[in-house]
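# Observations on the three-dimensional arrangement
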Amino acid sequence: MSELPRQLSARVDEELARHITTLAPTGLSNSDLIKRSIALFAEVYAVAVENGVAEPREIPKLTAYQYQLPPKWMPPPPRTGALNIPRSKPSKES
């Protein structure tokens, strides 16, 4: 395999722009969006080839998937009860 370039480029057509806009709420940079997209495509391809669904030069079409979301952040329960804050003692100098 030849050495890969340090940077890649792709023409942003209407379809790619629409996909980037769809993913914008994730907060990922365009670079991270591309990296994650390629990683996902590579995984789909590798699993399809490993399982004999596609030949090494075929591009499989993903027809089903499952989601696994990270755990939701849970705020701590509200604090209840009395707080005993010591009052500052007046200084003898005043």
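Data block above holds the structure.
Structural notes, computed from the coordinates. This structure is a prediction, so every number in the text was calculated from the model and none was measured. (Residues numbered from 1 in each chain as written. Predicted model: local features only at pLDDT ≥ 70, side-chain atom pairs only at ≥ 80, totals over all residues. Heavy atoms only, no water.)

## A look at the overall build of the protein chain
For the protein chain, the helix and strand inventory stands at two helices and zero strands. Here the C-alpha radius of gyration of the protein chain, 27 Å, is well above what a compact globule of 94 residues would show, namely 12 Å. For the C-alpha atoms alone, the extent of the protein chain along its principal axes is close to 85 × 30 × 30 Å. Per element, the accessible surface of the protein chain, about 10,300 Å² overall, is 57% carbon and sulfur. (Helix = DSSP H or I, 4+ residues; strand = E, 2+ residues; numbered from the N terminus. Rg over C-alpha atoms; globule rule 2.2 N^0.38 Å. Areas by Shrake-Rupley, 256 points an atom, 1.4 Å probe, with all protein chains shown as cover.)

## What about a nonpolar patch on the surface?
A cluster of nonpolar residues, Leu62, Tyr65, Tyr67 and Leu69, forms a patch on the protein surface that exposes about 570 Å² of accessible area. In this fold, leucine 69 is placed in the segment after helix H2 (30–50). The class for leucine 69 is exposed, based on a relative accessible area of 70%. (Patch = residues over 30% accessible without salt bridge, like charges linked within 9 Å, V, L, I, M, F, W, Y side chains within 5 Å. Salt bridge = Lys/Arg side-chain N within 4 Å of Asp/Glu carboxyl O. Buried < 20%, exposed > 50% of the residue type's maximum accessible area, 1.4 Å probe, protein only.)

## Some words on the packing of aromatic side chains
Counting across every chain of the model gives one aromatic pair. With centroids separated by 5.4 Å and ring planes inclined at 80°, the aromatic side chains of tyrosine 65 and tyrosine 67 adopt a geometry described as edge-to-face. Residue classification places tyrosine 65 among the exposed residues on the basis of a relative accessible area of 57%. The exposure class assigned to tyrosine 67 is exposed, which follows from its relative accessible area of 68%. (Phe/Tyr/Trp six-rings, centres within 6.5 Å; stacked < 30°, edge-to-face > 60°.)

## Focus: H2
Taking 1.5 Å as the rise per residue, H2 with 21 residues should run 30 Å; its terminal C-alpha atoms sit 30 Å apart, in good agreement. When we look at burial in H2, the residues that qualify are Leu33, Val44 and Ala48. Summarising the axial view, the buried residues of H2 lie within an arc of 30°, below the 170-degree limit, and thus occupy one face. Those residues of H2 that are exposed and aimed more than 90 degrees away from the buried face are Lys35, Glu43 and Glu50. Summarising the contacts, the buried residues of H2 are in contact with helix H1 (14–23). Following H2 by one or two positions, glycine 52 adopts a phi angle in the positive range, close to 75°. (Expected span 1.5 Å × (residues − 1). Arc of directions from axis to C-beta. Contact = heavy atoms within 4.5 Å.)

## Here we look at the environment of arginine 36
Checked against the element boundaries, arginine 36 lands in helix H2. Residues arginine 36 and isoleucine 85, spaced 49 residues apart in sequence, show a C-alpha to C-alpha distance of 51 Å.

In short, shape yes, function no, at least from these values alone.
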